[in-house]
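Residue-level structure breakdown
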Amino acid sequence: MLTTLHTAYSDTRAADLAWALGREPLPALAVLDLHLAGARLQLRLLGASHQVLLEEDRGSCSETVACMPGSSTPLPLGVSKRLGDWEYEFAARVETLGAGSFAGRAQELLALVADHPHGLAGTFPGSPHAFTAMLAQRTEGQVRWRTWHAYPQEGQLVVTRTRVGVRMPAAVL
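So, a few notes on the structure that sits alongside this text. The numbering scheme is per chain: residues are counted from 1 as the chain's sequence reads. Confidence filtering applies because this is a predicted model: local features only for residues at pLDDT of at least 70, side-chain atom pairs given and counted only at 80 or more, and all residues used for totals across whole chains, interfaces and linings. Based on all heavy atoms of the structure, the side-chain values leave hydrogens and waters out of the count.

**Topic: the overall build of the protein chain**
Formally: Here a helix means four or more residues in a row that DSSP labels H or I, a strand means two or more in a row labelled E, and each is numbered from the N terminus. Based on C-alpha atoms, the radius of gyration is set beside the globule rule, defined as 2.2 Å times the residue count to the power 0.38. Each residue gets one of three labels from its accessible area relative to the maximum for its type: buried under 20%, exposed over 50%, partly exposed in between, using a 1.4 Å probe on protein chains only. Residues are treated as being in contact if the distance between any of their heavy atoms lies within 4.5 Å. Under the convention used here, a 1.4 Å probe and the Shrake-Rupley method define accessible areas, while residue burial counts only the protein chains that appear. Neither His nor the chain ends contribute to the count of charged residues, in which Lys and Arg are positive and Asp and Glu negative. Charged groups are reduced to one reference atom each: NZ for lysine, CZ for arginine, CG for aspartic acid, CD for glutamic acid.
Within the protein chain, the secondary structure is distributed over one helix and 12 strands. A compact globule built from 173 residues would reach a C-alpha radius of gyration of about 16 Å, and the protein chain, at 16 Å, matches this within 12%. Taken over the C-alpha atoms alone, the protein chain extends approximately 55 × 35 × 30 Å along its principal axes. Burial statistics for the protein chain: of 173 residues in total, 47% are counted as buried. For the protein chain, restricting intrachain contacts to residue pairs at least 6 apart in sequence, the fraction spanning at least 24 positions comes to 58%. Here the protein chain displays about 8700 Å² of accessible surface, and carbon together with sulfur accounts for 52% of that area. Each charge class in the protein chain was averaged separately, 15 positive and 16 negative side chains, and the resulting centres sit 5 Å apart.

What follows is the structure, given as structure tokens:
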């Protein structure tokens, strides 16, 4: 699903993004509710930020990547945590691209997400390459999502990937 986000572009720098786990739902500009083989997943666009809410019989998980006033947790390169019966893994990277490469990559990503049944993307007024996009899937008992946060004025694309799955018991030798 592709939508235009009718709001001012507020998260204006990739370096301003922060990560948080376990936050309450924040006001969203666009929402996509998904049911993926027993998992309820809500993809939420918060301006140039995102929030994912996951619920399953085994528990729930909330991931937020946004500009959060007062947050002291910058966007990490990677996180691995145990959440009850789940293992949670998060990774982020920043791609810096030239103007032509950025425009091409933006068009490619928006086309990928716009028509995908588990995809949500929002573009901002003023620039066709200012967007936030999310794509989710469930494979082999794990829920996975990827996100892209575009900052055309900097030529930067923040890419995240997350995996949440059942923790496997340690093998006994």
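**Re unusual backbone geometry**
Even without being glycine, A37 reaches a positive phi, approximately 45°. Summarising the element assignment, A37 is placed in the loop between β3 (30-36) and β4 (39-46). Overall, the relative accessible area of 65% leaves A37 in the exposed class.

**Comments concerning the sheet that holds β4**
Applied cut-off: Note on pairing: two strands pair once DSSP finds at least 2 bridges between them. For helices, the axis comes from a line fit to the C-alpha atoms of the stretch in contact; other axes are also lines fit to C-alpha atoms, and the angle between any two N-to-C directions lies between 0 and 180 degrees.
Strand order in the open sheet formed by five strands is β2-β6-β5-β4-β3, with antiparallel pairing between adjacent strands. Of all strands in the sheet, those bounded by a partner on one side alone are β2 (18-21) and β3. With direction set aside, neighbouring strand axes in the sheet form an average angle of 10°.

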